Amino acid sequence: MEAHDQILHGLLDMGQMLLLCGAEINRVEDTMTRLGQAYGAQKVDIFVITSDIVLTILFQDGVELTQTRRICRSATVDFQKLEALNALSRSCCQEPLPAEELHARVQAIHAGHARPLLLFLGSMLGAGGFAVFFGGGLWDGVFAALAGALVRLLQEKILPVFRNAAVFQFLTAFLVGSVICLGGRLFPVLAVDKILIGVIMLLIPGVPLTNSVRDMLVGHTISGLLRLAESLLLAGSLAMGFGSAIYLFSYFWQGKKSEDAYDKLRNDVTASTGEAPTTTAGFCLMYHLPRRHIPLAAGGAAACWAVYLLLRSRIGNLFYLVLLVSIFSAAYAEIAAKYAKAPATLFLIPALIPLVPGSYVYYMMLSLVQDNYIATRRYGLLTAQWAIGLAAGISVVAVVHQILDSPHIPKPKRPSDGDSK
C-alpha cells in the first residue's frame, strides 16, 4: 500500500507543477494518465480544474486510491520548468523511475528559479518594444521600458505579500499609470497612450483569457469558466487602476485623440515583423523560455504578424481574420514542437503575443473614463471578438492534432529492412 501511495503522490506532484507552470488542462490530464499507466495502473480517472486535482487510480492488484490536491497558488508561465517536466514525464513513461526519485526530481524542478536580471530585461524589452510597435517613438520606447522595469520590481518585491492578485493588479496599474501620466506632463514629447499600451501588454491576462475560451471549446467547461472569471477580474482591476490614474491626472494632462492602434500600424511588413520578434523575445525572457527555443518562438511571432498584415486588407470580418491567423500560429507551434521535441505551448504563446488585444483594452478603459459609453461598448466587443477568434483557431488545430494522434486511426507502416521495395 505504501508503494501505491507514493505513486499516487508522485502523479499529483507532477500534475500540480504542470498546472502552476501554465500547462493547459489537456496536457495535465494526459500526462498524469500516461504516467499512471506506466506505473502499472489498470485505470486512471482524473478531474482537473485550476484550483483542484482529483485523482483515482485502480492498480492491477485491485487496490484503488483516491485523493484530492488543492492548488492554492495562481498559475504563472514558466516555459523552462514546463519543458523539464515534459521531458521527465516522457522518460518516466519509457522507463519508470522509483516513486521516491520521481518526487525528488519534480521538487528539484520546482526549486529552480529564473535569473532576476533576465526577467527585468524581458519586462523592459516587452514594454518598450510594444510602445514602439504600436506607433510610439524612440523616447516612448525608452520610457515604457523604464515603466516595465518598475512593473517587474513590484512583481518581484510586492506580489508575494498579496494573497489577492486582483488588488495587486489594481495597485500596480494605478502606481505605474500615475508615473506614466506624470511623465507625460513633465515631458510633453512623450506619447502617453503608446507608453500605457506597452505597459498594459505586460499586465493584461491575455494568455489565461485565451486559454479559458480554449478550455471551454474543447470540453473543459468548468475550468474554462473559472479561468474566464479570474481573467475578467484581473482585466477589470487593470482597467480600474489605469483608469483611475488617467482620471486623477486628467487635470494636468490632456491626452491626444484616441486612435485604434491596430488600424494605424504601419503596413511595412519588413519593419513590423522586425519589431514583432524583438518584442516577443522580451516576453520569452519573462516566461523563462530556454534560450535555444527563442529563435523559433520569435520567428513564429514574425510569421504570425506577417500573415495578419497580408490578410487584414482581404478579410473584413475581425473574427474570421483572427481565427485564420491563430490557426496558422497553432499549426506553426505544432510543427516547431515536433522539430524541437518540446511542448507546443512553448511556441504557441510567443507566436500569439503580437495579437494580444492590449490596445483595445486601453481604448475601452479610456473611453469609459471619458464617459464615452458607445466607444466603450465598441472596444469591449472588439476585445471579446478578438479573444474568441484566437481561442477558436487554437482549438481547431488542437482537435485536428488529437484526431490524427488517435490510436483508432491507422498509421502508415514504415517499411522494415526485410520489406520488399
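Source: prediction; values computed, not measured. (Residues numbered from 1 in each chain as written. Predicted model: local features only at pLDDT ≥ 70, side-chain atom pairs only at ≥ 80, totals over all residues. Heavy atoms only, no water.)

Visitor: Help me understand the packing of helix H8 (residues 192–203) against helix H16 (residues 358–369), please; the structure alone is not making it clear to me.
Guide: To characterise two packed helices, one gives the angle between the axes of the helices and the distance between these axes. At a minimum axis separation of 9 Å, H8 and H16 run at an interaxial angle of 120°. Comparing their axes, H16 and H8 come out oblique. For the element pair H8 and H16, the recorded crossing hand is right-handed. Across the interface between the two elements, Asp 193, Lys 194, Leu 196, Ile 197, Ile 200 and Met 201 of H8 pack against Gly 358, Ser 359, Tyr 362, Tyr 363 and Met 365 of H16. Looking at the contact of H8 with H16 residue by residue, the classes come out as seven nonpolar, two polar and two charged. (Axes fitted to C-alpha atoms, helices over the stretch in contact; angles between N-to-C directions. Helix = DSSP H or I, 4+ residues; strand = E, 2+ residues; numbered from the N terminus. Parallel < 35°, antiparallel > 145°, perpendicular 65-115°, else oblique. Left-handed = near helix turned anticlockwise from the far one by under 90°. Contact = heavy atoms within 4.5 Å. Nonpolar A, V, L, I, M, F, W, Y, C, P; charged D, E, K, R; others polar.)

Visitor: What am I meant to see in the pattern of salt bridges here?
Guide: Side chains that differ in sign of charge can pair as their charged atoms come close. Here the structure, examined in full by the defined rule, presents nine salt bridges. The residue Arg 292 makes a salt bridge to Glu 83 at a minimum N-O spacing of 2.9 Å. Of this pair, Arg 292 sits in the loop between helix H12 (269–286) and helix H13 (294–312) while Glu 83 sits in helix H3 (residues 79–94), placing them 209 residues apart in sequence. A salt bridge links Asp 193 to Lys 194; the shortest N-O distance between them is 3.3 Å. (Salt bridge = Lys/Arg side-chain N within 4 Å of Asp/Glu carboxyl O.)

Visitor: Whenever I open this one, the sheet that holds strand E3 (residues 64–70) confuses me. Can you help?
Guide: Within a sheet, each strand pairs with its neighbour through backbone hydrogen bonds, oriented either parallel or antiparallel. Read from one edge of the open sheet, three strands run E1-E2-E3, paired in antiparallel fashion. At either end of the open sheet lies a strand with only one pairing partner, and these are strand E1 (41–48) and E3. In this sheet, neighbouring strand axes are inclined to one another by 10° on average, regardless of whether the strands run parallel or antiparallel. Helix H2 (residues 25–38) contacts E1 and strand E2 (52–59) of the sheet and is inclined by roughly 160° relative to E1. (Pairing = 2+ DSSP bridges.)

Visitor: What am I meant to see in the side chain of Ser 395 here?
Guide: Position of Ser 395 relative to the elements: it lies in helix H17 (residues 373–404). A relative accessible area of 5% places Ser 395 in the buried class. Apart from the residues lying within four places of it in its own chain, the contact partners of Ser 395 are Arg 214, Leu 217 and Val 218. (Buried < 20%, exposed > 50% of the residue type's maximum accessible area, 1.4 Å probe, protein only.)

Visitor: Where do I start with unusual backbone geometry in this structure?
Guide: Glycine aside, negative phi is the norm for most residues, and most peptide bonds take the trans geometry. The residue His 288 is not glycine, and still its phi comes out positive at about 60°. Secondary-structure assignment places His 288 in the loop between H12 and H13. Unlike most non-glycine residues, Lys 341 shows phi in positive territory, near 55°. By relative accessible area, Lys 341 is classed as exposed at 72%.

Visitor: Would you mind showing me how to read the state of the cysteines here?
Guide: As used in these notes, a disulfide is a covalent bond between sulfur atoms, one from each of two cysteines. Taken as a whole and assessed by the stated rule, the structure comprises zero disulfides. Free of any disulfide, Cys 93 has its nearest neighbouring cysteine sulfur in Cys 92, separated by 7.2 Å. (Disulfide = S-S within 2.5 Å.)

Visitor: Looking at this model, I keep getting lost on a nonpolar patch on the surface. Mind explaining?
Guide: On the surface, Leu 138, Trp 139, Val 142 and Leu 146 cluster together into a nonpolar patch covering about 480 Å² of accessible area. Inspection of the secondary structure assignment puts Leu 138 in helix H6 (residues 138–157). The exposure class of Leu 138 is exposed, given its relative accessible area of 67%. (Patch = residues over 30% accessible without salt bridge, like charges linked within 9 Å, V, L, I, M, F, W, Y side chains within 5 Å. Areas by Shrake-Rupley, 256 points an atom, 1.4 Å probe, with all protein chains shown as cover.)

Visitor: What's the story with the pairing of E3 in this structure? I'm lost.
Guide: Remember that side chains alternate between the two faces of the sheet whenever the strand is regular. Examined bridge by bridge, E2 and E3 share seven bridges and lie antiparallel to one another. What sits directly across from Val 54, in E3, is Thr 68. What sits between the antiparallel neighbours E2 and E3 is a turn of four residues, in which Gly 62 has the positive phi angle 95°.

Visitor: Explanation requested: H8 in the structure shown.
Guide: Each turn of an α-helix holds 3.6 residues, which means side chains three or four residues apart point in the same direction. The end-to-end C-alpha distance of H8 is 17 Å, a good match for the 16 Å that twelve residues give at a rise of 1.5 Å each. Of all twelve residues making up H8, twelve are buried, and the element is well covered by its neighbours. Among the residues of H8, Val 192, Asp 193, Lys 194, Ile 195, Leu 196, Ile 197, Gly 198, Val 199, Ile 200, Met 201, Leu 202 and Leu 203 are the ones counted as buried. (Expected span 1.5 Å × (residues − 1).)

Visitor: How should I be thinking about the side chain of Ser 51 in this particular structure?
Guide: You can see Ser 51 is positioned in the loop between E1 and E2. Setting aside anything within four residues of it in sequence, one finds Ser 51 in contact with Arg 69, Arg 70 and Ile 71.

Visitor: When you look at the packing of aromatic side chains in this model, what are you seeing that I'm missing?
Guide: Taken as a whole and judged by the stated rule, the model has nine aromatic pairs. Between Trp 305 and Tyr 308, the aromatic rings sit 4.6 Å apart at their centres with planes inclined by 25°, giving stacked as the arrangement. Of this pair, Trp 305 and Tyr 308 both sit in helix H13, separated by three residues, roughly a single helical turn. We classify Trp 305 as buried; its relative accessible area is 0%. Judged by relative accessible area, which is 3%, Tyr 308 ranks as buried. One aromatic cluster is present, built from ring pairs that chain together Phe 79, Phe 130, Phe 133, Phe 283, Tyr 287, Trp 305, Tyr 308 and Trp 386. Its guanidinium or amino end placed over the ring of Tyr 379, Arg 378 lies 4.9 Å from that ring's centre, counting from NZ or CZ. (Phe/Tyr/Trp six-rings, centres within 6.5 Å; stacked < 30°, edge-to-face > 60°. Lys NZ or Arg CZ within 6 Å of the ring centre and 35° of its normal.)

Visitor: For this particular structure, what's the right way to read the packing of helix H14 (residues 318–340) against helix H15 (residues 345–352)?
Guide: The interhelical angle for the contact between H14 and H15, taken along N-to-C directions, is 145°, at an axis separation of 8 Å. In this structure, the crossing between H14 and H15 has a hand that is right-handed. In contact with Ser 326, Ser 329, Ala 330, Ala 333, Ala 336, Ala 337 and Ala 340 of H14, H15 contributes Phe 347, Leu 348, Ala 351 and Leu 352. Residues that form the contact of H14 with H15 fall into these classes: nine nonpolar, two polar and no charged.

These results come straight from atomic positions and should not be treated as a statement about function.
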